[in-house]
Amino acid sequence: MQRAYARWARIYDTIYEQLLRPGQQAAITAAMRCGPRVLEVGVGTGLSLELYPRHAEVTGIDLSPDMLARAQEKVRRNRLSHVKALRVMDASQLDFADASFDAGLALYVITLVPDPEQALTELARVVRPGGAIIIATHFGAEKGTVARIEAALAPAAGSVGWSSDFKLSRLRTWARDTGLANFAGVQPMQPAGFFKVARFVRTDVPVAAGKRLEAAE
């Protein structure tokens, strides 16, 4: 994944800035309702950073140093004082204390993580009870012809750092089986609802208990 995004870093903004903007804005608006402390997982080149209000306290992480270097330049050039830290970090092994944030965002990245359930569990750990876990991405069709086409295209999409058949039901299953979050709805985005923003509310179940529950399934 680091190699894929090292190749994409120079042209990522040109291709994705306008395409991803509606979902980024909707996710950030939902996050800020929970409070100022926000963790953005997979912050990439920092396309979303200028969309946060100035009273926010944003921490961004990404696996790619090449992407983060561009995000750091945006922060410096545009004087984004609400961005408190940008760090190279694996979403599946977050180096933050429990309940450090009011909301956790994964914008167009959860489908690319090798173990999405582990990343979600880590995100739940660092978000306070009652806070939001917000996922923006393309969710594949659950069944039918479109689902079969997306499954067939998945290997090619993955080779360029994308995913075509990741389903919302996978996130809802994680929430149900661990008890770490409650599904709070999904919002279609432009263009034509291709991208969606899914929102979960963090419960007060400790992450350790959630892991034990999951193992017992």
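Further up the page is the structure itself.
None of these values were measured; they are calculated from a predicted model.

Student: Any chance you could explain the side chain of S48 here in plain terms?
Tutor: Position of S48 relative to the elements: it lies in the loop between β1 (37–41) and β2 (57–62). Apart from residues lying up to four places away in sequence, S48 is in contact with Q24, I28, E40 and L107.

Student: Help me understand the packing of helix α4 (residues 116–126) against helix α6 (residues 168–178) in this model?
Tutor: Two quantities define a packed helix pair, namely the angle between the axes and the distance from one axis to the other. For the pair α4 and α6, interaxial distance at closest approach is 11 Å and the crossing angle is 50°. Classed by the angle they form, the pair α4 and α6 counts as oblique. Two packed elements cross with a definite hand, and for α4 against α6 that hand is right-handed. Contact residues: P116, E117, L120, T121 and A124 in α4; R170, L171 and W174 in α6. Residues of the contact of α4 with α6, tallied by class, amount to five nonpolar, one polar and two charged.

Student: Please explain the pairing of β2 as it appears in this structure.
Tutor: Among the six residues of β2, five are classified as buried, and the element is accordingly described as predominantly covered. Across five bridges, the pairing between β1 and β2 is parallel. Residue pairing for β2: R37 is matched across the bridge by E57. Examined bridge by bridge, β2 and strand β3 (residues 83–88) share five bridges and lie parallel to one another. Note on β3: the bridge partner recorded for G60 is L86. A crossover connection joins β2 to the parallel β3 through helix α3 (residues 65–78); in handedness this β-α-β unit is right-handed.

Thresholds applied
Residues numbered from 1 in each chain as written. Predicted model: local features only at pLDDT ≥ 70, side-chain atom pairs only at ≥ 80, totals over all residues. Heavy atoms only, no water. Helix = DSSP H or I, 4+ residues; strand = E, 2+ residues; numbered from the N terminus. Contact = heavy atoms within 4.5 Å. Axes fitted to C-alpha atoms, helices over the stretch in contact; angles between N-to-C directions. Parallel < 35°, antiparallel > 145°, perpendicular 65-115°, else oblique. Left-handed = near helix turned anticlockwise from the far one by under 90°. Nonpolar A, V, L, I, M, F, W, Y, C, P; charged D, E, K, R; others polar. Buried < 20%, exposed > 50% of the residue type's maximum accessible area, 1.4 Å probe, protein only. Pairing = 2+ DSSP bridges. Right-handed = clockwise from strand over helix to strand, strands pointing away.

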